[in-house]
Amino acid sequence: MIKRILTIVAVVALVVTGFWGYREHRQKQALLLKAENQYQRAFHDLSSNMSLLQDELGKALAVNTQRQLTPCLSNVWRVSYTTQSDVGQLPLSLMPFNRTQEFLRDIGEFSYRVAIRDQKKEPLSNEEWKTLQSLYNESKEIEQDLQALQADVLDQNLRWMDAELALSQTRKKTDNQIVDGFKAMEKKVSGFPEIQSDTLNAVKTRMKPHINNVSGTDASVEEAAKKTAAFLGKADTTGITVQKNGQGMPYPAYSITVQEPDNQKYYLGMTVKGGYVTWLVNDREVKEAAMDMVAGQEKGEQWLTAHGYKDLSLLKAEQYDNTGIYTFSAKQDDVIIYPDTVTLKVALDNGTVTGFNGQDYLFHHKKRTLQKPELTVKQARKYVSPHTQIQEQNLALIENDLGKEVLTYEFIGTMDDDTYKIYINAQNGDEEKVEKLKQI
Amino acid sequence: MRVRWSLMAAGLSLLMAFATLHANPTTFEKHAAPTFTSRILVKGSTGIDVRELQGRLQLIGFYKGKIDGIFGWRTYWAVRNFQYKFGLRVDGKVGVKTREKLVRATRNYNPWKSGGTSGGKANPTPAPVVHSSSRLSANDLKLLANAVYGESRGEPYIGQVAVAGVIFNRLEHSQFPNSISGIIFQPGAFTAVADGQIWLTPNETAKKAVRDALNGWDPSGGAIYYFNPETATSKWIWSRPQIKKIGKHIFCR
């Protein structure tokens, strides 16, 4: 009897487990399929957008009128943006695919720059037409490769999940058609010559730190430690560890850690050339605020003067918990010099500086010969939209998109409930930049 | 209608005259405004006294925004307007003079009533704030804090700032998607996304690290990749030029 019951229980248990297992399996399959479909969609999107991109580049070559060129190039820019987003949805970050991504971004940046400028003043030059042509030919190659791969994926039911698995297992040598296809594409793109364009080069170098603007001789490790001690106002270099950064750093620099006796730690960055402190972080617990933002600002200004920063004016201040974050900018002849900024964190409990970031100041600051503005404030004001109510105005030197410094009138204005900063070129009235000031 | 307006204006001016003549600001402050402290408020200040400032400005129609305790641009313009109308020096700072004038002008201010939840709430710390022109939203920063926490919560603070810095560097870099969400959810880019640790609730340290990175601190030295040498599966990542090691992570380009 008992045996019989046990058998029945066992059989029921087996059936239940089997059923459960089957259901789990089906659910897993469904999820895998969902993930696979997402990848497939991104991949097929990429392929069709790539041919669209190529078509638009072709059209841009074919059109003769400026009126047609601008929409064509704007399309190239828009489509290249979408292809980048498609690439970002594929599991390609585990393999080298950066040249292709860069190529796509360059196409977009180049066509954007040409599209937005005034075609009447500055029409497409011969060189730029040639650049467009080589971009057209190169993107054709990518497009063809992609389409061949797409055909394979469709004919042979290749799955992106397998590609992802193959990519994550680098210890074993695995073969995967999709991965191989993309690797071949990357190799091909790496062989393309760099896009020759002055604007593109300007955009790229703007991003790089201008170490050439820094003067001085190289500081050794010992000198770096001494400079750190001086910077922090310490008597000697005990507790200071200096380490040189590796090859990947855009400019030679030291990473410095300072262990204080009271268990506080300072972290600093320093250029090797000249031995300038680029940034400082002291991560300590800040207690209840004992001073307001104005007192904190005074403390910050004292600190800046003590560290040799002169002629700075406050750009903005923010309070975050018990810490004030102040951004200062250089001021020369009543012109705000936006590229030369210094950011300070002042702990509002005792007024000490817990953070410093002087990288921008270091790489940009120099004595400039400022031109006299051609336009008066009144004239410049006419270039601002009449819908904006102007509240404040200054002269400001800003860096435009291409990394060129331009003298502008800065108008701070409101429209409805929002505040905007509008920069009008002080020489020719061009609207250089408009910023909406958000509270996030 | 016009009659009513003029009546109201007359009433208001009478009230103001009365207030300026008779009110003693110091006793008044003691009585109704325990939060209006003596500190000077400027653009960027936060706190319960900023709430009161906004509440008072709202009462007399200078401020129409939310009472959130954050001295932002809208509060700034409201203060400047108030200073202009009341013949004070227009500098947008709330010091002793502006405060006295404001307190006199808003005798009816009741911190427990105005602005809905403003006065009585037990939680005086306002949300963190950045007045920036950047294209990021507050939710981008939340997502960033999640990613930083999921990726590097066991790391030293400076390492967490560096991880946030890497994400910001990717935003500027040509090889990566053009948005914070695109970068974070790029398949295979972050292990915390793959194993779900990104959905842990981030702590204050992670949020602070994101904020520091947003303000321009980049301890990674311009890195766009980092990896943990003990667990890294990709061989390719070792071929990248390295910058430095912070905690367990090696940062590279």
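Residues numbered from 1 in each chain as written. Chains lettered and ligands numbered in written order. Predicted model: local features only at pLDDT ≥ 70, side-chain atom pairs only at ≥ 80, totals over all residues. Heavy atoms only, no water.

1. Topic: the overall build of chain A
Here comes step 1: Secondary structure summary: chain A contains 11 helices and 12 strands in total.
Here comes step 2: At 30 Å, chain A has a C-alpha radius of gyration far larger than the 22 Å of a compact globule built from 440 residues.
Here comes step 3: Expressed as lengths along the three principal axes of its C-alpha atoms, the size of chain A is roughly 95 × 75 × 50 Å.
Here comes step 4: The buried share among the 440 residues of chain A stands at 46%. (Helix = DSSP H or I, 4+ residues; strand = E, 2+ residues; numbered from the N terminus. Rg over C-alpha atoms; globule rule 2.2 N^0.38 Å. Buried < 20%, exposed > 50% of the residue type's maximum accessible area, 1.4 Å probe, protein only.)

2. A few points about the confidence of the model for chain B
Residue and element names in this part refer to chain B.
Here comes step 1: Mean pLDDT for chain B: 78, with 76% of residues reaching 70 or above.
Here comes step 2: Scored below 50 in pLDDT, residues 20-34 shows 16 contacts in the model against residues more than four places distant or in partner chains.
Here comes step 3: In this model, residues 114-133 is a region of pLDDT below 50 whose contacts with residues beyond four sequence positions or in other chains number 55 contacts. (pLDDT = per-residue confidence, 0-100. Contact = heavy atoms within 4.5 Å.)

3. Notes on the nonpolar core
Nonpolar side chains tend to gather and get buried jointly when the protein is soluble and globular.
Here comes step 1: Ranked by internal contacts, the top residues of the largest apolar core, which has 54 residues, are B:Ile167, B:Ile180 and B:Phe251.
Here comes step 2: The leading source of residues in this core is helix H7 (residues 157-172) of chain B, at 10 residues.
Here comes step 3: If we skip the residues at most four places from it in the chain, B:Ile180 touches B:Leu136, B:Asp140, B:Leu143, B:Leu144, B:Ile167, B:Phe168 and B:Leu171.
Here comes step 4: By size, the runner-up hydrophobic cluster in this structure holds 47 residues, among which are A:Ala317, A:Val335, A:Phe356 and A:Ala380. (Core = buried A, V, L, I, M, F, W, Y, C linked by side-chain atoms within 4.5 Å.)

4. A short note on the domain arrangement of chain A
Residues and elements named next belong to chain A.
Here comes step 1: We note that the domain assignment places domain 1 (2-207), domain 2 (213-364) and domain 3 (377-437) within chain A.
Here comes step 2: Using only C-alpha atoms to locate each centre, domain 2 and domain 3 end up separated by 31 Å.
Here comes step 3: Facing the seven residues of domain 2 at the interface are 11 residues of domain 3.
Here comes step 4: Regarding the contact of domain 2 and domain 3, the summed buried area is about 670 Å², with carbon and sulfur atoms giving 58% of it.
Here comes step 5: Where domain 2 touches domain 3, the interface holds zero salt bridges.
Here comes step 6: Counting across the domain 2 and domain 3 interface gives six residue pairs in polar contact (both at pLDDT 80 or more).
Here comes step 7: Broken down by element, the side of domain 2 that touches domain 3 gets its largest block of residues, five residues, from strand E7 (residues 335-347).
Here comes step 8: For the side of domain 2 that touches domain 3, a count of residues per class yields five nonpolar, one polar and one charged. (Domains from an automatic or database assignment. Buried area = accessible area lost by both parts, 1.4 Å probe. Salt bridge = Lys/Arg side-chain N within 4 Å of Asp/Glu carboxyl O. Polar contact = N/O pair within 3.5 Å; in protein donor to acceptor, adjacent residues only side chain to side chain. Nonpolar A, V, L, I, M, F, W, Y, C, P; charged D, E, K, R; others polar.)

5. Some thoughts on the environment of A:Gln84
Here comes step 1: The topology assignment puts A:Gln84 in helix H2 (residues 66-88).
Here comes step 2: Along the sequence, A:Gln84 and A:Leu104 sit 20 residues apart, while their C-alpha atoms lie 6.7 Å from each other.
Here comes step 3: In contact with A:Gln84, not counting residues within four places along its chain, are A:Leu104, A:Arg105 and B:Asn178.

6. Let's talk about the packing of helix H1 (residues 2-62) of chain A against H2(A)
When two helices pack together, their arrangement is given by the angle between the helix axes and the distance between those axes.
Residue and element names in this part refer to chain A.
Here comes step 1: Where H1 meets H2, the closest approach of the two axes is 9 Å, and the angle between their N-to-C directions is 160 degrees. With respect to each other, H1 and H2 are oriented roughly antiparallel. Like other packed secondary-structure pairs, H1 and H2 cross with a definite hand, here left-handed. Residues Ala42, Asp45, Leu46, Asn49, Met50, Leu52, Leu53, Glu56, Leu57, Lys59 and Ala60 of H1 form the contact with H2, whose participating residues are Leu69, Cys72, Leu73, Asn75, Val76, Val79, Ser80, Thr82, Thr83, Asp86 and Val87.
Here comes step 2: The residue inventory of the contact of H1 with H2, partitioned by class, reads 13 nonpolar, five polar and four charged. (Axes fitted to C-alpha atoms, helices over the stretch in contact; angles between N-to-C directions. Parallel < 35°, antiparallel > 145°, perpendicular 65-115°, else oblique. Left-handed = near helix turned anticlockwise from the far one by under 90°.)

7. A few points about the environment of A:Leu14
Residues and elements named next belong to chain A.
Here comes step 1: The residue Leu14 is located in helix H1 in this model.
Here comes step 2: With relative accessibility at 65%, the residue Leu14 sits in the exposed group.
Here comes step 3: For the pair Leu14 and Val87, spaced 73 residues apart in sequence, the C-alpha separation works out to 46 Å.

8. Notes on the interface of chain A and chain B
Here comes step 1: Across the boundary between the two partners, chain A contributes 60 residues, which contact 64 residues of chain B.
Here comes step 2: Here chain A and chain B share an interface that buries about 5,600 Å² over both sides, 51% of which is from carbon and sulfur atoms.
Here comes step 3: Counting every contact that joins chain A to chain B gives three salt bridges.
Here comes step 4: Note that B:Asp212 is salt-bridged to A:Lys345, the shortest N-O span being 2.9 Å.
Here comes step 5: Put simply, chain A and chain B have 19 residue pairs in polar contact (both at pLDDT 80 or more) between them.
Here comes step 6: The residue makeup of the side of chain A that touches chain B, split by class, is 24 nonpolar, 21 polar and 15 charged.

9. Focus: the packing of helix H3 (residues 98-116) of chain A against helix H4 (residues 126-156) of chain A
All names here are of chain A.
Here comes step 1: One way to put it is that H3 packs onto H4 with a least axis distance of 12 Å and a crossing angle of 145 degrees. The handedness of the crossing between H3 and H4 comes out as left-handed. In this structure, H3 uses Thr100, Phe103, Ile107, Phe110 and Val114 to contact H4, whose residues at the interface are Glu128, Thr131, Leu132, Leu135, Glu138, Ser139 and Ile142.
Here comes step 2: The residue inventory of the contact of H3 with H4, partitioned by class, reads seven nonpolar, three polar and two charged.

10. With respect to helix H5 (residues 160-168) of chain A
Here comes step 1: Those residues of H5(A) lying buried are A:Trp160, A:Met161, A:Ala163, A:Ala166 and A:Leu167.
Here comes step 2: Packing partners of the buried residues in H5(A) comprise H1 and helix H6 (177-191) of chain A.

11. Here we look at the pattern of salt bridges
Residues and elements named next belong to chain A.
Here comes step 1: Enumeration over the complete set of coordinates arrives at 24 salt bridges over all chains.
Here comes step 2: Notably, a salt bridge pairs Arg368 with Asp340, separated by 2.9 Å at the nearest N-O pair. Of this pair, Arg368 sits in the loop between helix H10 (359-364) and helix H11 (377-381) while Asp340 sits in strand E7, and the two are 28 residues apart along the sequence. The same class applies to Arg368 as to Asp340, namely buried.
Here comes step 3: Residues participating in the shared-partner salt-bridge network are Arg117, Glu122 and Glu128.

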